[in-house]
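# Fold and geometry: a report
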Amino acid sequence: MKEVEEALRSSHLTRGPRTKQFECHLADLVRRNHCVSFCNGTAAIYAAVMTRPFKHARRHMNSRKGRSPMSEEDIRKMSIGISDVTFLSVRSAVERAGYESYCLPIERDTFCSDVSSFSPPGLGDAVICDLGGYVPDGEIAIEDASHSLGGEAVGRNAGIVVGSLHAIKNLGIGEGGFAATDDKEQAESMRRTRDMGRGDEEDELNYHPNELSCALGLSRMSRLKEEGAEKRAIVEEYRERLDGFVSFQNWRGQEVNPHLCLVRSLPMPAPSTYLVERSFERSRIQFIKHYMPLSMRRGEEEIDDESQSYWDDCFTLPMWVGMKRGEIDTVVEAVKSADNIRAKSA
């Protein structure tokens, strides 16, 4: 915690040298030339979306109000796709920037959005979440690396890499976010959005992080790789001991830094998600789902089958740095005990 102590003794509590140093380290981490830090991940996504060359599209949409309807192709060009399974504020950030959003389908084995699902290919842009830590294949305009920071594949296919640095994330600093790019003009645009300098009344906002949070980030950066290896080892032990009880998120050979251990309950005779939840309650283990698909939150008429299946059948197994052997054993036994509950209920 040397960096935090030095920050407390310095004359800078915001916009100081540690903020700039932290941005440089983050840029290196996600393989980008420029990085801008923010007060949270939502602000970072908003600033990243504002760099996309769509302002003319928003004006065009407004100018067409009351006129003949636009074609589906025109609407898609003026919209931004988002992962159906992601944090709710991603949609809020996109729509605050003035764009329509639409949810992209997810793949059954990775639980992440299938980037190839753009129809027709090449239209629109997307903010894709690396759910659980897995980085999807395919070109991505904006990659949300909140779950994957520290993984080997972060940034390999993206234009802009954004992320949350919330306390529970891979690189938690309390509250914070970042957006990184190779494009200098994009970086300057995001910095202006953060610094109240865009010149548009709607964009006069202050999204600065504080110096202490960035100092904490610097102190935690060196442990990121080691912590990722520890979490991967926990997931691999779960895989071995729970084979036949649940199926695990397919990482497709990636060396991920997992934020979540995502699993899917198997068809009968394996225990259902409901039975696992009951068993967790008996063992005093918190039962968690991440996240409710956005298409379900707004009650959209058509919900993708895989999104519905994800919500019905998927949940997370507890996993954290420093998890003890007895705690892992308790989780494994709770999942297996759900099978006993099923047998007794039959």
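Before reading on, note that the structure itself is shown above.
What comes next concerns the included structure.

Cut-off values and rules
Residues numbered from 1 in each chain as written. Predicted model: local features only at pLDDT ≥ 70, side-chain atom pairs only at ≥ 80, totals over all residues. Heavy atoms only, no water. Helix = DSSP H or I, 4+ residues; strand = E, 2+ residues; numbered from the N terminus. Contact = heavy atoms within 4.5 Å. Areas by Shrake-Rupley, 256 points an atom, 1.4 Å probe, with all protein chains shown as cover. Axes fitted to C-alpha atoms, helices over the stretch in contact; angles between N-to-C directions. Parallel < 35°, antiparallel > 145°, perpendicular 65-115°, else oblique. Left-handed = near helix turned anticlockwise from the far one by under 90°. Nonpolar A, V, L, I, M, F, W, Y, C, P; charged D, E, K, R; others polar. Pairing = 2+ DSSP bridges. Polar contact = N/O pair within 3.5 Å; in protein donor to acceptor, adjacent residues only side chain to side chain. Salt bridge = Lys/Arg side-chain N within 4 Å of Asp/Glu carboxyl O. Buried < 20%, exposed > 50% of the residue type's maximum accessible area, 1.4 Å probe, protein only.

### Comments concerning the overall build of the chain
Per the secondary structure count, the chain includes 13 helices and 10 strands. Residue pairs in contact within the chain that sit at least 24 positions apart in sequence constitute 63% of those at least 6 positions apart. Roughly 16,100 Å² of accessible area belongs to the chain as shown, and the carbon and sulfur atoms make up 47% of that amount.

### Examining the packing of helix H2 (residues 17-29) against helix H8 (residues 211-221)
Contact geometry for H2 and H8: axes closest at 8 Å, N-to-C directions at 40 degrees. Compared by their axis directions, H2 and H8 come out oblique. Seen from above, H2 lies across H8 with left-handed handedness. On the side of H2, the interface is formed by Pro17, Arg18, Thr19, Gln21, Phe22, His25, Leu26 and Leu29, while H8 contributes Glu211, Cys214, Ala215, Gly217, Leu218 and Met221. Taken together, the residues of the contact of H2 with H8 break down into 8 nonpolar, 4 polar and 2 charged.

### What to know about the sheet that holds strand E10 (residues 314-317)
Read across the open sheet, the 3 strands follow the order E8-E9-E10; overall the sheet is antiparallel. For this open sheet the edge positions go to strand E8 (246-248) and E10, each flanked by a neighbour on one side alone. Each neighbouring strand pair of the sheet contributes to a mean axis angle of 40 degrees, computed without reference to strand direction. With 3 bridges joining them, E8 and strand E9 (residues 261-265) adopt antiparallel strand pairing. Bridge pairing in E9 places valine 246 opposite serine 265. Contacting E8, E9 and E10, helix H9 (residues 224-241) crosses the sheet at an angle of about 145 degrees to E8. Those strands touched by helix H10 (residues 273-282) are E9 and E10, and its axis lies near 30 degrees from that of E10.

### Remarks on the environment of glutamate 23
Locating glutamate 23 in the fold gives a position in helix H2. Taking the C-alpha atoms as reference points, glutamate 23 and alanine 180, separated by 157 residues in sequence, lie 8.7 Å from one another. Aside from chain neighbours lying at most four places away, what touches glutamate 23 is Cys35, Val36, Ser37, Arg191 and Arg194. A polar contact of 3.0 Å, which involves the side chain of glutamate 23, links it to the side chain of arginine 194.

### So, the pattern of salt bridges
Taken as a whole, this structure holds 17 salt bridges when the rule is applied. The salt bridge involving arginine 191 is made with glutamate 23; its shortest N-O contact spans 3.5 Å. Linking arginine 191 in helix H7 (residues 184-194) with glutamate 23 in helix H2, this pair joins segments that are 168 residues apart in sequence. When its relative accessible area of 6% is taken as the criterion, glutamate 23 is described as buried. Arginine 252 serves as the salt-bridge partner of aspartate 137, at 3.7 Å between the closest nitrogen and oxygen. Placement of the pair is aspartate 137 in the loop between strand E4 (125-129) and strand E5 (140-144) and arginine 252 in the loop between E8 and E9, with a sequence separation of 115 residues. Among the residues examined, aspartate 137 registers a relative accessible area of 43% and is labelled partly exposed. Assessed through its relative accessible area of 37%, arginine 252 is described here as partly exposed. Through salt bridges with shared partners, a single network forms among Glu107, Asp109, Asp137, Arg156 and Arg252.

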